[in-house]
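The primary structure of each chain is shown beneath.
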Amino acid sequence: QVQLVESGGGLVQAGGSLRLSCAASGRTFSSYTMGWFRQAPGKEREFVAAIRGSGLVRNYVDSVKGRFTISRDNDKNTVFLQMNSLKPEDTAVYYCAASRIVATTTAPTDYRYWGQGTQVTVSS
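The residue numbering used here restarts from 1 in each chain and proceeds along that chain's sequence as written. For this predicted model, a pLDDT threshold of at least 70 governs which residues receive local features, and a threshold of 80 or more governs which side-chain atom pairs are given and counted, while totals over whole chains, interfaces and linings are taken from all residues. Heavy atoms from the whole structure form the basis of all side-chain values; hydrogens and water molecules are not counted.

Visitor: Summarise the pairing of strand 7 (residues 68–73); cite the residues concerned and give the values.
Guide: Of the two faces of strand 7, the one lined by Phe 68, Ile 70 and Arg 72 is fully buried and the one lined by Thr 69, Ser 71 and Asp 73 carries no buried residue. Only when DSSP finds a minimum of two bridges between them are two strands counted as paired. Counting from the N terminus, the helices are DSSP H or I runs at least four residues long and the strands are E runs at least two residues long. Counting the residues between successive antiparallel strands, the hairpin from strand 7 to strand 8 (residues 78–83) contains 4 residues, one of them, Asn 77, with a positive phi of roughly 55°. Only protein chains enter the calculation, and the probe is 1.4 Å; a residue is then buried if its accessible area is under 20% of its type maximum, exposed if over 50%, and partly exposed in between.

Visitor: Now, about the side chain of Ser 21: what can you tell me, with residues and values included?
Guide: Among the structural elements, Ser 21 can be located in strand 3 (residues 18–24). Relative accessible area serves as the criterion here: at 19%, Ser 21 is assigned to the buried category. If we ignore the near neighbours within four places in the chain, the residues touching Ser 21 are Val 5, Glu 6, Ser 7, Trp 36, Thr 78, Val 79 and Phe 80. Residues count as neighbours in contact if any of their non-hydrogen atoms are within 4.5 Å of one another.

Visitor: Break down the side chain of Thr 118 for me, with residues and values.
Guide: By secondary structure assignment, the location of Thr 118 is in strand 11 (residues 118–123). Exposure remark for Thr 118: the relative accessible area of 11% places this residue in the buried category. Definition of a polar contact: a pair of N or O atoms within 3.5 Å, with one able to donate and the other able to accept a hydrogen when the atoms are protein atoms, and with sequence-neighbouring residues admitted only if both atoms are side-chain atoms. At 3.2 Å, the side chain of Thr 118 and the backbone nitrogen of Gly 9 are in polar contact. Not counting the four nearest positions on each side in its chain, Thr 118 is found in contact with Glu 6, Ser 7, Gly 8, Gly 9, Leu 20, Ala 92, Val 93 and Tyr 94.

Visitor: How would you sum up the pattern of salt bridges? Please name residues and give values.
Guide: When a carboxyl oxygen of Asp or Glu is within 4 Å of a side-chain nitrogen of Lys or Arg, the pair counts as a salt bridge. Per the stated rule, a full pass over the model turns up 4 salt bridges. With its nearest N and O atoms 2.9 Å apart, the salt bridge here joins Asp 90 to Arg 38. Placement of Asp 90 in the loop between strand 8 and strand 9 (92–99) and of Arg 38 in strand 4 (residues 33–39) is noted, with a sequence separation of 52 residues between them. For Arg 38, a relative accessible area of 7% puts it in the buried group. Connected through salt bridges with shared partners, the residues Arg 38, Glu 46, Arg 67 and Asp 90 form a single ionic network.

Right under this line is the structure:
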């Protein structure tokens, strides 16, 4: 069982930055692929970024490439999402998720554990 708790969301102006954190419980954090997803009102949950357990392999949705960076600290059981040059279309609830699949999978169904989400609002 893995419990995930996100933090770091908030309200920011377009062009600004936020850093999301996701703290995980458990002793085997480094064995999980970690992902960030987001869901805007009336839309389906969307893959944002993922990182393999080693931290060496990352994957991003095209719309955030060059603006967002996913990273992890396995000693602290934490995964981060640094979000720069934010746009109003980035507004959503952001979720952290953990998967046993050894690949930076983009499918929400591949992730077994989910956090409660943190709201990110970007004003124009």
